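Descriptive analysis of the structure
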Amino acid sequence: MKKIGILEDDESLGRELKYYLESNGYEARLILTEEYCDKRVEAIIELLQRENLHLLLLDIGLPGINGLHLCKQFRQISEVPVIMITSKNDELTELMAINNGADDFVAKPFNPQILIAHMESVLKRVYKEKAAIEEIHIVQCIKDEKEQVIKQEFILEIMRGRVKSGGEAVEL
């Protein structure tokens, strides 16, 4: 299970993100404002590293700290992918986010399903993972009416949603 960090100053949005991520099979860690407010960048980065995250959702406009600066500093010591989330929906902000080390950029308000799609794209690229199981080979032996053993082979193609047998495919 991938662990996603959420560094968002809007606690209501952060809790919604946490709930949505957890209901979609992720472990989510909402880092509350009191955990990072009034701390130096180095202390926040140490906090992030202790969490052993697979991906960080980082708001640009955090109280007391610039999310772009935090991203740049975090990127210098970590390969954990970062998706910037912000209400600043302009090309300059997006350019600055990417130039400061962000892997992707999502503007608020956003559709949670679109955010998940961005996350999955980044996670696949960074961790170079395929589906845990793409296909299953099934071999079945049965006896016919004459008690002769008949071997049947099937391939269940999970990602394509079909079963193949003897060169023929059936959609599920």
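In this report, the structure presented in the accompanying data block is examined. Values in this document were obtained by computation on a predicted structure and should not be read as measured data.

Inspection of the entire model under this criterion finds zero disulfides. Of the cysteine sulfurs around cysteine 71, a residue in no disulfide, the closest is that of cysteine 37, at 20 Å. By relative accessible area, which is 1% here, cysteine 71 ends up buried.

On to the packing of helix α1 (residues 11-23) against helix α6 (residues 112-127). Running from N to C, α1 and α6 cross one another at 65 degrees; their axes reach a closest spacing of 11 Å. Crossing hand, α1 versus α6: right-handed. Mapping the contact onto sequence places Leu17, Tyr20 and Leu21 in α1 and Pro112, Gln113, Leu115, Ile116 and Met119 in α6. Split by residue class, the contact of α1 with α6 holds seven nonpolar, one polar and no charged.

The next point concerns the nonpolar core. Residues Leu7, Leu56, Leu58, Leu70 and Met84 are the most contacted members of the largest nonpolar core, which totals 25 residues. Elements with a minimum of two residues in this core: α3 (41-50), β3 (55-59), α4 (67-77), β6 (82-86) and β7 (104-107). Ranked by the residues each element gives to this core, the list is headed by α3, at five residues. Each residue touching methionine 84, except ones within four places of it in the same chain, is listed here: Leu58, Ile60, Gly67, Leu68, Cys71, Ala97, Ala102, Asp104, Phe105 and Val106. Listed in part, the 19 residues of the second largest apolar core include Tyr26, Ala28, Ile85 and Ile116.

How each quantity is defined
Residues numbered from 1 in each chain as written. Predicted model: local features only at pLDDT ≥ 70, side-chain atom pairs only at ≥ 80, totals over all residues. Heavy atoms only, no water. Disulfide = S-S within 2.5 Å. Buried < 20%, exposed > 50% of the residue type's maximum accessible area, 1.4 Å probe, protein only. Axes fitted to C-alpha atoms, helices over the stretch in contact; angles between N-to-C directions. Helix = DSSP H or I, 4+ residues; strand = E, 2+ residues; numbered from the N terminus. Left-handed = near helix turned anticlockwise from the far one by under 90°. Contact = heavy atoms within 4.5 Å. Nonpolar A, V, L, I, M, F, W, Y, C, P; charged D, E, K, R; others polar. Core = buried A, V, L, I, M, F, W, Y, C linked by side-chain atoms within 4.5 Å.

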